[in-house]
Amino acid sequence: LSVSPALAGLKSLSRLDQVLASRTIAAGCYEAILADRAGRLLEGTRTNIMLLMGDQWLTPPSSDLAVAGVMRARVIDYLRQKSEWVRERALSPAMLTSRDCRGMILMNSVAGVVPVRNFGCVWLPVDARLATICGQRLLTE
């Protein structure tokens, strides 16, 4: 994914990378996750991502995203209201196989919050905290 600094985090019609990547989604897969040139995970073709690592929630910095979505902002606000620790930082694929990884969610304003059970060949846990976030009505209204 290439993000123009002038457009970082803004919804725009300049989403060619996401459109092209969406054409590569294999049958039976929900989403394709895009990375930057260094291999850091950024976002899906139509979703933002967040990892639960240990006791903290991690999401890529909005300055690195093509779209810092409305649902992403709502989830961050919700978690902070619940006194959860949310940090913006780079996400590496290696984090998904770490012992600290307690799960991953995808989110957008249409689908709400969706837990990720499988990322490529990696089976991810669905921690109770993920299930709680995914089940909140306030996030899908």
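Residues numbered from 1 in each chain as written. Predicted model: local features only at pLDDT ≥ 70, side-chain atom pairs only at ≥ 80, totals over all residues. Heavy atoms only, no water.

Give me helix α2 (residues 70–81): which residues, what numbers.
Its 12 residues give α2 an end-to-end C-alpha distance of 17 Å, which sits within 8% of 16 Å, the value for a rise of 1.5 Å per residue. Buried within α2 are the following residues: Met71, Arg72, Val75, Ile76, Tyr78 and Leu79. Take α2 and look down its axis: the buried residues cluster within an arc of 165°, on one side only. Exposed positions of α2 whose direction lies more than 90 degrees from the buried face are Val70 and Gln81. Residue serine 83 follows α2 closely and has a positive phi angle near 60°. (Helix = DSSP H or I, 4+ residues; strand = E, 2+ residues; numbered from the N terminus. Expected span 1.5 Å × (residues − 1). Buried < 20%, exposed > 50% of the residue type's maximum accessible area, 1.4 Å probe, protein only. Arc of directions from axis to C-beta.)

An account of the pairing of strand β4 (residues 56–59) is requested, with residue identities and associated values reported.
Neither face of β4 is left uncovered, since the one carrying Gln56 and Leu58 and the one carrying Trp57 and Thr59 both have all their residues buried. Both strand β3 (residues 48–53) and β4 contribute to a ladder of 3 bridges, which runs antiparallel. Directly across from methionine 53, in β4, lies its bridge partner glutamine 56. Sheet topology note: the β4/strand β5 (residues 85–88) ladder contains 4 bridges and is parallel. Paired with leucine 58 across the two strands is arginine 87, which belongs to β5. Regarding the hand of the β-α-β motif, the stretch spanning β4, α2 and β5 is right-handed. (Pairing = 2+ DSSP bridges. Right-handed = clockwise from strand over helix to strand, strands pointing away.)

How would you sum up the environment of tyrosine 30? Please name residues and give values.
Looking at where tyrosine 30 falls in the secondary structure, it is placed in the loop between α1 (16–22) and β1 (33–35). Taking C-alpha positions, tyrosine 30 is 9.9 Å from valine 114, a pair spaced 84 residues apart along the chain.

With reference to specific residues and values, describe the confidence of the model for the protein.
Chain-level statistics for the protein give a pLDDT mean of 83 and a share of 78% at 70 or above. Element-level pLDDT for the protein is lowest in α1, with a mean of 58, against a maximum mean of 97 in β4. (pLDDT = per-residue confidence, 0-100.)

So, the side chain of glutamate 43: which residues are in play, and what are the values?
Mapped onto the elements of the fold, glutamate 43 is located in strand β2 (residues 41–44). Here glutamate 43 falls in the buried class, since its relative accessible area comes to 1%. A distance of 3.2 Å separates a polar side-chain atom of glutamate 43 from the backbone nitrogen of alanine 66. Among the polar contacts made by the side chain of glutamate 43, one reaches the main-chain amide nitrogen of valine 67 at a distance of 3.4 Å. (Polar contact = N/O pair within 3.5 Å; in protein donor to acceptor, adjacent residues only side chain to side chain.)

Break down the environment of proline 61 for me, citing the residues and quoting the values.
Among the secondary structure elements, proline 61 is positioned in the loop between β4 and α2. C-alpha of proline 61 to C-alpha of arginine 87: the two residues are 26 residues apart in sequence and 8.5 Å apart in space. Leave out the neighbours within four places in its chain, and proline 61 touches Arg72, Glu88, Arg89 and Ala90. (Contact = heavy atoms within 4.5 Å.)

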